[in-house]
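Examining the three-dimensional arrangement
Below are the chains, spelled out letter by letter.
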Amino acid sequence: MEKNSKIILTIENEVATILISNPSKLNALSYSLLQDLEKKLDDLKQSSAKLIIFKGEGSKAFVAGADIKEMVSFTPQQAYEYIKYGQKVFTKVSKLSIPTIAVIQGFALGGGAELALACDFRIVNSDALFGFPEVQLGIIPGFGGTQRLTQLIGYSKSLEIILTSKRLSGEEMLSYGIANEFVKNGESMDDVIDKWVSSILKAAPIAVKMAKQAVQASETSSLESGLVIELMCETVCFSTSDCKIGFESFLERKQPEFKGE
Ligand code: DAK
């Protein structure tokens, strides 16, 4: 493990965990922390990980936003560069070829909410508090929040959350369609995560990547182009050994053991 790194990457049983570890500032994101995050994302490309979990250190916060102390003295030019860089890193998160899950306990505010939105799935507990305080600071969400939240839940609900700076509880995140799963009091977050992990790891790895790529194409393509991308992704799947294994296992009534090729 690197000394003084605030982004801790571990890989175990094909599952990578990225821990944002800046607890004295409720895991706030500084510029150097974003650089470290980008480096860890690049390292992951060479790894055997099939799924990535993003977590914040401690139970009080996932990430309480961009580091306000750092931003306070930014000139407009520095703000522009910082936003561009933050958008680039979060786009890297969203474009990872393998599935990503944000586990939210405590605050996910501003840049923290945006990091969670750059992930594919959000699992939250009853302590989760999600929101965009930016307009109360005289700014707007700058790391993709205005776009990703709107793509996820639609114009009016997204604008409501951004203009009112309301904090959504875990249960409300579920009802707004922001969370995929709400872990009730008394339920184990680890058990819920294990369930997600084991069902995704059971699937054919190349099919998982192709499915993610095809679904993502729907956000940026016309239906016509999206269907072409789906066709190409499906054709890739049909060329894999795992496709044969999947079909044969079904016909032989046994569990497939995929090889990832
Ligand atoms: N930045 C820096 N430090 C933070 C922080 C943050 N976002 N959030 C918390 N901390 C620090 C606090 O300053 C405090 O440090 P010390 O005073 O102990 O040194 C420590 O974490 C513990 O926080 P509190 O004492 O405040 O803890 P409480 O439980 O009382 O309150 C809180 C928790 C999350 C409600 C509160 O800390 C809070 O309101 N924090 C700020 C949340 C926030 O506004 N987040 C959004 C930040 S804006 C852009 C770039 C990016 C973006 C936009 C534009 N440009 C370059 C222009 C994105 C913007 C954001 O994310």
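Below, the structure is looked at part by part.

About the criteria used
- In this convention, every chain numbers its residues from 1, walking through the sequence in written order.
- Local features in this predicted model are restricted to residues of pLDDT 70 or higher, and side-chain atom pairs are both shown and tallied only at a pLDDT of 80 or more, whereas totals for entire chains, interfaces and linings draw on every residue.
- Excluding hydrogens and water, the side-chain values take into account all heavy atoms of the structure.
- In DSSP terms, a helix is any run of H or I states spanning at least four residues, a strand is any run of E spanning at least two, and both are numbered starting from the N terminus.
- To estimate the expected span of a helix, subtract one from its residue number and multiply by 1.5 Å.
- Relative accessibility decides the category of a residue: with a 1.4 Å probe and only protein chains considered, values under 20% of the type maximum give buried, values over 50% give exposed, and everything between is partly exposed.
- Contacts are residue-level and defined by heavy atoms, with any inter-residue pair within 4.5 Å sufficient.
- To define a nonpolar core, start from buried Ala, Val, Leu, Ile, Met, Phe, Trp, Tyr and Cys residues and group those joined through side-chain atoms within 4.5 Å.

**What about helix α1 (residues 31-44)?**
The α-helix advances 3.6 residues per turn, and as a result positions three or four apart in sequence lie on the same side. In this model α1 runs 20 Å from its N-terminal to its C-terminal C-alpha over 14 residues, within 8% of the 20 Å that 1.5 Å per residue would give. Inspection of α1 places Leu33, Leu34, Asp36, Leu37, Glu38, Lys40, Leu41 and Leu44 among the buried residues, and these make up the whole buried set. Where α1 is buried, its residues meet β1 (7-12), β2 (15-20), β3 (51-56), α3 (76-94) and α4 (111-118).

**Observations concerning the nonpolar core**
If you look at the biggest cluster of nonpolar residues, it comprises 47 residues, and the most contacted ones within it are Phe130 and Ile178. Those residues in contact with isoleucine 178, other than ones at most four positions away along the chain, are Leu117, Arg122, Phe130, Leu149, Leu152, Ile153, Ile161, Leu168 and Met173. Counting 13 residues, the second largest nonpolar core, distinct from the first, contains Ile101, Ile123, Met189 and Val192.

**Quick look at the environment of phenylalanine 74**
Take phenylalanine 74: it is sitting in the loop between α2 (68-71) and α3. Relative accessible area serves as the criterion here: at 25%, phenylalanine 74 is assigned to the partly exposed category. Distance from phenylalanine 74 to glutamate 261, taken between C-alpha atoms, is 48 Å for residues 187 residues apart in sequence.

Note that every value here comes from positions in space, so none of it alone points to a role or purpose.
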